[in-house]
Number of protein chains: 2
Amino acid sequence: MPSPTPRLTRFCVPPLAETTRRLADVASGRASPDLVVTGARVLSTYTDRILPERELWIAAGRVAAVKPNGTHKALAHAPSEVYDANGGILAPGLVDPHIHVESSMVTACAYAEAALLNGTTTIFCDSHEIGNVMDVAGVEAMLEDARAAPLSIFLTVPSTVPATSPELETAGGDLTAEKIGALFDRWPEAVALGEKMDFVQVTEGDPRSHAILAAALSRGRPVSGHIYGREFVAAYAASGVTDTHEAIDRDIADDLLDAGVWIFLRGGPPTTPWHSLPAAIRTITELGASHKRVCVCTDDRDADDLMHFGLDWVTRQAWKAGMTREQAWAMGSLHPATRFHQDGEIGALGGGRRADVVLLNDALEVRNTWYGGRLVVEDRKITPLLDEALSDRWVYPKAAYSTVKIAGDPPLVPKPPRTPAIANALRTALPGIVVEHARVALPRGETWEEIVAASGEDLCFVAVIERHGLSGPQSRVAHGLLKDFGLKSGAVASSVGHDSHNVIVAGKSEADMRLALDTIREAQGGVCVVEGGAVKAFVALPVAGLLSDKRVTEVAEETRRLKEAWAQAGCAIPYMGFNLIPLSVIPEIRITDKGLVLVPQMTLVPAFEEGREAAE
Amino acid sequence: MPSPTPRLTRFCVPPLAETTRRLADVASGRASPDLVVTGARVLSTYTDRILPERELWIAAGRVAAVKPNGTHKALAHAPSEVYDANGGILAPGLVDPHIHVESSMVTACAYAEAALLNGTTTIFCDSHEIGNVMDVAGVEAMLEDARAAPLSIFLTVPSTVPATSPELETAGGDLTAEKIGALFDRWPEAVALGEKMDFVQVTEGDPRSHAILAAALSRGRPVSGHIYGREFVAAYAASGVTDTHEAIDRDIADDLLDAGVWIFLRGGPPTTPWHSLPAAIRTITELGASHKRVCVCTDDRDADDLMHFGLDWVTRQAWKAGMTREQAWAMGSLHPATRFHQDGEIGALGGGRRADVVLLNDALEVRNTWYGGRLVVEDRKITPLLDEALSDRWVYPKAAYSTVKIAGDPPLVPKPPRTPAIANALRTALPGIVVEHARVALPRGETWEEIVAASGEDLCFVAVIERHGLSGPQSRVAHGLLKDFGLKSGAVASSVGHDSHNVIVAGKSEADMRLALDTIREAQGGVCVVEGGAVKAFVALPVAGLLSDKRVTEVAEETRRLKEAWAQAGCAIPYMGFNLIPLSVIPEIRITDKGLVLVPQMTLVPAFEEGREAAE
């Protein structure tokens, strides 16, 4: 039994099995509700309609009933509390079917604050990043964090750790089929396999990939995925993958749905390449597909974007793209709940469901949020109850605070080639997240300054340093050149370097690169901008080198300042794109601690080749 | 591993976890399918559309892919078999979310034949009747039967056995919360709790009823229900019940959906009171509710009706009532699969799903059925493969063949009252299944013949004899009078007497009643019509007194002949209605082995009272 004033977590609502009699008493009028929210309209995600003149009866943290407005006045005993909705719309809290908490660089407890402000009361989280750093221990630490959070957090077990192979990069995690199976068996909230992103290997029948699929399927757990390319859809679906969180256009969306793959329409902030929602939704609005197997999701969010581009914003985008308001909200609540077989608990205001409820205005903007029947957001501000819960966040174990294990002082800048050379450079350019392979002719020179100046190109150094303590007395480092990165001087660095999260440093000046790296080492993780021997902006990420342990509001502010410094430094791509430069599954060329990787050939190439070719 | 030519059951299709690599190979074109059904349109229950010019690739008993028509011709190796659909519509096999196999008086193995002819490849079966006779042993025997059947049969665990209490009737089963929990734990196909039909007790918070709900909910299993009356909907939903298989009109359908209760629209044969579908569907067609939480089901079928009024017929009724063809078919396939969280396996032709497929004409009539990729019905006839499987049916254990345990020779006709009396008679009349309470004035007389003649009423005797061997050296019997039953002479009797399944005998002649009872005793179960000392028609039901052990075609023919004799005998209600006369949960008056029960007061009244009142 919970103590009289338990910490606010999902466990504050007792299991339905223990409260059916009380709920029946309340719904029948024999007992009074704990709370009545009256004077409302109710958005039914079951029927995709807004019901006028209703009130919501809540007991034991659950929905006892939706009644005609004013019905509570006839009860023998008044409800403990009556709240006036003033004609607003009551709707179920949103359910995000696919997110990575780590992308926001906050803990699960901290993430809850932003989620609840956005009207999101449940998330299906793939803790893929911390798994890449700390293996099962990282996933389990985040599960503990999740259990302590004032938010309902389910796990979709990270499925593709490492993203490639030890030949191509050094990761801190190696989640085998056996380890994944054990996670399913130990954690009831592990309801599905997380995005099986190695879709090419899956469709090719790779044994390790399919053993991991089998670990989920043999336990009756659904499998999440992520796929590009219509030519892969059939074999991916045949392999048992039943969702994806992106469909870049109408036609692939159509293929996916008919192949039995749920689509989570990812609504990214409009300035990013993550906003395929308007294109994909045309399978419904133009081709007449039913919306019943379509959801919305956020996937990744910078901490500061969390506040402006939450799942509520995504549902509004779906509305704007042609769905009705009711359908759009159902795509963000009941549909994800149904996809993960949790529709008996969440996703709608049906009897017996958790009282995870939002109060909306007619523009679908969230005014209030009740989590398990308790008011946590009122008039767009968190309540003292939530503030208290957020002040006492779960603390990660000591091991999570020492994961940036860099040995020695690995050189950050390569020796200049003695002869004219061709650099296999990485060209970073928006839009999109592709890093182009640029073969850049380097003239002979004594120093890098001379060579770069003579090349006539915008070039800077990039280095990836192995940080899992797995490469001996001097940590392994790989060098390369970034083309058109735009950095004017100084350096930028990050301990978030997808997916293995080795440290990536880019810079014009070796000294500033060294300072950037040392700053990250000292703090055991972070993202920073350095110029002229000074740290201009820094977000410390001491937990697994990925997460701040501060509140989301603080991290959002730090992130905002970092982005400002980042832009002032001239960087052509945002730091989330920079963090993807080591992600050796996206074309065309990437850099890991093992060197430069060509994708999709999956081969290493040297940074410099002899030759006098012209740059491509 | 299955043997080379395994008996055709659901286990012939290996688990998806074991076949993903093969399916990926086939879908990618690296390996050839076992079967291609070409020249087809495909009904996508995911998007509620019919896709033109397609072909279906099947491997390992599953859908490998739906491809553009003719694609298989480009494969390096020809598929093992190519079947021409001649432009017909391929659709998923139907999924019946709520049926009682026992209502058809056949075993699960035998039921499969009719189901497959109707294009039904999966059923969610509530073996409530055999549970009432044989307790857990009966439920488990039927589960073994189900595992041996060429059909996918899931169990919704009987939840309300006995229907009332030992004070009101004697049942052979007593399924406590503990026994129900153990069934869930032992049988993975036990996916939900079966219809919790004691909705009044549930809404009143009855402890036994809620303990049974908790046995399911605490294990994450959904709860099926059955409810009448808008006033009960809120408390029923609050108690955790999430489906019902009837909504008698548009408005209760509306209430149910918005309260979070799936509706299975029951389409009964049009001459029965079970056909509420057209009324309920108006919540969609008139009130604009989404169809996404609406299914169709059959619930109960006489064996002969199985052939004409299967789930395919019900989907056509839904189409006729205003749904599109595609929506109607989805309501009979994907939606039930989704409701029970089996949509990764069945309900659609998505990749990796079981190849349970039907070939339809444009009128949604079933021409062919493939079960797990094997052709079992072709051009509306069963194939030799299915015929062979049906010839070798599972045999129930010996104990199931000796359940009609009647001791002594209980008197079947009461002594005539010596003085003028009032009979608490049971008036049987269509439409509906209510048995009216008729207080009939009986004048004084020496013999029943005199008394009945003088009463001027159509009266006959009815007796219910306890048959579970639980009432001592002479089995308990209760007597009463049926009014307006229409029987001209002789007797009718049945060992199917819902829900406790004591033997019910009605008759004009005590000798014919005795012969009817003896015929049933001798065969250990059955339904018969007797006249003038001869058995006019008889369906032997030796398994639990409920089921024939013959094939469904034979039982259908026997049933047809029984119905003929039944009608000729003059009976005003069909035998299925007769079997409900002991069901002491439906108003107004019922007869059990304990006597006459008033519903919903749930009190016993004597058959005869002193008095000289006029009949009501």
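On a predicted model such as this, the values are computed, not experimentally measured, just so you know.

### Focus: the nonpolar core
Membership of the largest hydrophobic core comes to 77 residues, with the highest contact counts inside it found for B:Tyr111, B:Leu151, B:Leu426, B:Phe485, B:Val492 and B:Trp566. Once residues lying within four places of it in the same chain are set aside, the contact partners of B:Leu426 are B:Val435, B:Glu436, B:Val462, B:Leu481, B:Leu482, B:Lys483, B:Ile581, B:Ile589, B:Arg590, B:Ile591 and B:Leu596.

### A closer look at the sheet that holds strand 8 (residues 152–157) of chain B
Residues and elements named next belong to chain B. Overall, parallel pairing links the five strands, which are arranged 6-7-8-9-10 in an open sheet. Only two strands of the sheet have a single partner each, and these edge strands are strand 6 (94–99) and strand 10 (223–225). On average, each strand axis in the sheet is inclined to that of its neighbour by 30°, with strand direction left out of account. As judged from the four bridges shared by strand 7 (residues 120–125) and strand 8, these two strands associate in the parallel manner. When the bridges of strand 8 are listed, Ile-123 appears paired with Ile-153.

### With respect to the relation of the copies chain A and chain B
Taken as rigid bodies, chain A and chain B are interconverted by a rotation of 180° and an axial shift of 0.0 Å, the fit giving an RMSD of 0.1 Å. Within this description, the copies of the chain are treated as partners about a two-fold rotation axis. In this assembly the copies share their binding face: 98% of the residues contributing to the interface of chain A also contribute to that of chain B.

### A short note on the sheet that holds strand 12 (residues 262–266) of chain B
Residue and element names in this part refer to chain B. Reading across from one edge, 11-12-13 is the order of the three strands in this open sheet, with parallel pairing throughout. Each end of this open sheet is capped by a strand with a single partner; those strands are strand 11 (243–244) and strand 13 (294–297). Pairing of strand 11 with strand 12, which is carried by two bridges, proceeds in the parallel orientation. Along strand 12, the bridge assignment pairs Thr-244 with Ile-263. Across the sheet, helix 12 (residues 311–320) is in contact with strand 12 and strand 13; its angle to strand 13 comes to roughly 135°.

### Quick word on the interface of chain A and chain B
Taken together, the contact between chain A and chain B spans 59 residues of the former and 58 residues of the latter. Of the roughly 4300 Å² buried between chain A and chain B on both sides combined, carbon and sulfur atoms contribute 52%. For chain A, the biggest contributors to the area lost against chain B are A:Asp258, A:Lys292 and A:Arg293; these three give 15% of the whole. Note that B:Asp48 and A:Lys292 form a salt bridge whose closest N and O atoms lie 2.7 Å from each other. Linking chain A to chain B there are 36 residue pairs in polar contact (both at pLDDT 80 or more).

### Section: empty space enclosed by the protein
In total, this model carries nine cavities of 30 Å³ or more according to the counting rule given. Size it by volume and the largest cavity reaches roughly 130 Å³. In terms of lining residues, the largest cavity is bounded by A:Trp262, A:Lys292, A:Arg293, A:Leu334, A:His335, A:Thr338, B:Trp262, B:Lys292, B:Arg293, B:Leu334, B:His335 and B:Thr338. Mapped onto the lining of the largest cavity, the elements with two or more residues apiece are helix 14 (334–339) of chain A together with helix 14 (334–339) of chain B. The class makeup of the residues in the lining of the largest cavity is four nonpolar, four polar and four charged. The calculated volume of the second largest cavity comes to roughly 70 Å³. Lining the second largest cavity are A:Asp96, A:Tyr111, A:Ala115, A:Asn118, A:Thr120, A:Ile123, A:Thr298, A:Arg301, A:Leu306, A:Gly310 and A:Leu311. Put simply, the parts of the chain that give the lining of the second largest cavity at least two residues each are helix 2 (108–117) and strand 7 (120–125) of chain A. Per-class residue counts for the lining of the second largest cavity are five nonpolar, four polar and two charged.

Rules behind the numbers
- Residues numbered from 1 in each chain as written.
- Chains lettered and ligands numbered in written order.
- Predicted model: local features only at pLDDT ≥ 70, side-chain atom pairs only at ≥ 80, totals over all residues.
- Heavy atoms only, no water.
- Core = buried A, V, L, I, M, F, W, Y, C linked by side-chain atoms within 4.5 Å.
- Buried < 20%, exposed > 50% of the residue type's maximum accessible area, 1.4 Å probe, protein only.
- Contact = heavy atoms within 4.5 Å.
- Pairing = 2+ DSSP bridges.
- Helix = DSSP H or I, 4+ residues; strand = E, 2+ residues; numbered from the N terminus.
- Axes fitted to C-alpha atoms, helices over the stretch in contact; angles between N-to-C directions.
- Least-squares fit on C-alpha atoms with pLDDT ≥ 70 in both.
- Buried area = accessible area lost by both parts, 1.4 Å probe.
- Salt bridge = Lys/Arg side-chain N within 4 Å of Asp/Glu carboxyl O.
- Polar contact = N/O pair within 3.5 Å; in protein donor to acceptor, adjacent residues only side chain to side chain.
- 1 Å grid on protein atoms, 1.4 Å probe; cavity = no way out; pocket = protein on both sides within 12 Å on 5 of 7 lines; lining within 4 Å.
- Points joined across faces, edges and corners; volume = space filled by probe spheres on them.
- Nonpolar A, V, L, I, M, F, W, Y, C, P; charged D, E, K, R; others polar.

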